[in-house]
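Geometric and topological summary
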Amino acid sequence: MFKIRFASGSAGKTRKLGEALGAELRKGFPKSRRGIIIRLKGNLGSGKTTFIQGIARGLGLRHRIVSPTFLLMRVYPFTKQGRSKKLLHIDAYRIATKKDAAILENKKFFENPLHIIVVEWPERIPALVRGPAIQINFLHGARENERSIIIQTKP
Ligand SMILES: Nc1ncnc2c1ncn2[C@@H]1O[C@H](COP(=O)(O)OP(=O)(O)OP(=O)(O)O)[C@@H](O)[C@H]1O
Ligand SMILES: [Mg+2]
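Let me begin by describing the structure that accompanies this report.

Calculation rules
- Residues numbered from 1 in each chain as written.
- Chains lettered and ligands numbered in written order.
- Predicted model: local features only at pLDDT ≥ 70, side-chain atom pairs only at ≥ 80, totals over all residues.
- Near = placed C-beta within 6 Å.
- Nonpolar A, V, L, I, M, F, W, Y, C, P; charged D, E, K, R; others polar.
- Helix = DSSP H or I, 4+ residues; strand = E, 2+ residues; numbered from the N terminus.
- Expected span 1.5 Å × (residues − 1).
- Buried ≥ 20, exposed ≤ 12 C-beta atoms within 10 Å, placed from the backbone.
- Arc of directions from axis to C-beta.
- Contact = placed C-beta atoms within 7 Å.
- Pairing = 2+ DSSP bridges.
- Axes fitted to C-alpha atoms, helices over the stretch in contact; angles between N-to-C directions.

Here we look at the site of ligand 1
Ligand 1 sits among 20 residues. The nearest are Thr14, Gly47, Lys48, Thr49 and Thr50. Considered class by class, the residues forming the shell around ligand 1 number four nonpolar, 12 polar and four charged.

Points about unusual backbone geometry
With the exception of glycine, the majority of residues adopt a negative phi angle, and the majority of peptide bonds are in the trans configuration. Although it is not a glycine, tryptophan 121 sits at a positive phi angle of roughly 60 degrees. For tryptophan 121, the location among the structural elements is in the loop between β5 (115-120) and α5 (126-129).

Things to note about helix α1 (residues 11-26)
The end-to-end C-alpha distance of α1, which contains 16 residues, comes to 22 Å, matching closely the 22 Å that a straight helix rising 1.5 Å per residue would cover. Listed as buried for α1 are Thr14, Arg15, Leu17, Gly18, Leu21, Gly22 and Leu25. Buried residues of α1, viewed axially, fall in a sector of 160 degrees; they line one side. Taken together, the buried residues of α1 touch β1 (3-8), β2 (36-42), α2 (48-59), β5 and β7 (147-154). Phi turns positive, to about 100 degrees, at glycine 28, one or two residues after α1.

Section: α2
End to end, α2 covers 17 Å across 12 residues, agreeing with the expected 16 Å (1.5 Å per residue, within 8%). All of the buried residues along α2 are Lys48, Thr49, Thr50, Phe51, Ile52, Gln53, Gly54, Ile55, Ala56, Gly58 and Leu59. Those residues of α2 that are buried lie in contact with α1, β2, β3 (73-80), β4 (83-91), β5 and β6 (133-140). Two residues or fewer after α2 comes glycine 60, characterised by a positive phi angle close to 90 degrees.

Focus: the sheet that holds β7
Sheet strands pair by backbone hydrogen bonding; their relative direction is either parallel or antiparallel. Across the sheet, seven strands lie side by side as β1-β7-β6-β2-β5-β4-β3; this open sheet has mixed pairing. Edge positions in the open sheet fall to β1 and β3, since each of these has one partner strand only. Looking at each pair of strands side by side, their axes are set apart by 15 degrees on average, direction ignored. With five bridges joining them, β2 and β6 adopt parallel strand pairing. Residue pairing for β6: isoleucine 38 is matched across the bridge by isoleucine 134. Contacting β1, β2, β3, β5 and β7, α1 runs over the sheet at an angle of about 145 degrees to β1. Of the strands in this sheet, β2, β3, β4, β5 and β6 touch α2, which is tilted by about 165 degrees from β5.

Observations regarding the pairing of β5
Looking along a regular strand, one sees the side chains alternate between the two faces of the sheet. Of all six residues making up β5, five are buried, and the element is well covered by its neighbours. Pairing geometry for β2 and β5, over five bridges, is parallel. Opposite isoleucine 38, over in β5, you have valine 118 as the bridge partner. Relative to β5, β4 runs parallel, the two being bridged by six bridges. Bridge pairing in β5 links isoleucine 90 to valine 119.

A few points about the environment of arginine 15
Within the secondary structure layout, arginine 15 lies in helix α1. It is 9.1 Å that separates the C-alpha atoms of arginine 15 and threonine 49, two residues lying 34 residues apart in sequence.

In structure tokens, the structure reads:
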């Protein structure tokens with residue numbers, strides 16, 4: 001298990017941190033026969049989507065990542081050494097019932113090793129609450145632009 005805490009003083013710094021993770025993931029780490037799941041937990045406005053913008057940049061995506069306001073999931077395809085991969089951005093904030101959550105509990109999403117799945121509000125999807133993942137917690141600091149970002153691996 002691995003756990004590290006960062007202090008961020010701006011959205012730009014949070015994006016840079018995400019970019020560093022995206023660049024690592026682009027190298028193919030960690031090796032997995034399933035998709036790589038990244039859980040992003042934290043209050044509204046704590047920086048989850050901002051961090052994902054960085055991940056996308058680090059992966060080499062050109063797309064501008066936005067909050068999937070009325071969508072539960074957006075899919076961003078990219079290629080790595082000629083292989084097509086996909087970044088799946090799930091925002092479960094609007095999920096209210098287990099029935100809603102079931103829509104996203106599709107094994108096709110999670111068991112594909114070519115998928116990198118980033119999930120905001122994973123607490124709302126029972127299948128994603130636990131299990132092997134990179135988990136990132138975002139906390140507001142005392143000042144307006146301060147955030148604590150805790151990155152850990154979960155078995
Ligand atoms: N250090 C920081 N890191 C990240 N964002 C910051 C920071 N300081 C200020 N901000 C601002 O906080 C907001 C974070 O918004 P963002 O959409 O990333 O949050 P979120 O966690 O995805 O929220 P939601 O749960 O509503 O999706 C942005 O407006 C951003 O500019
Ligand atoms: Mg968001």
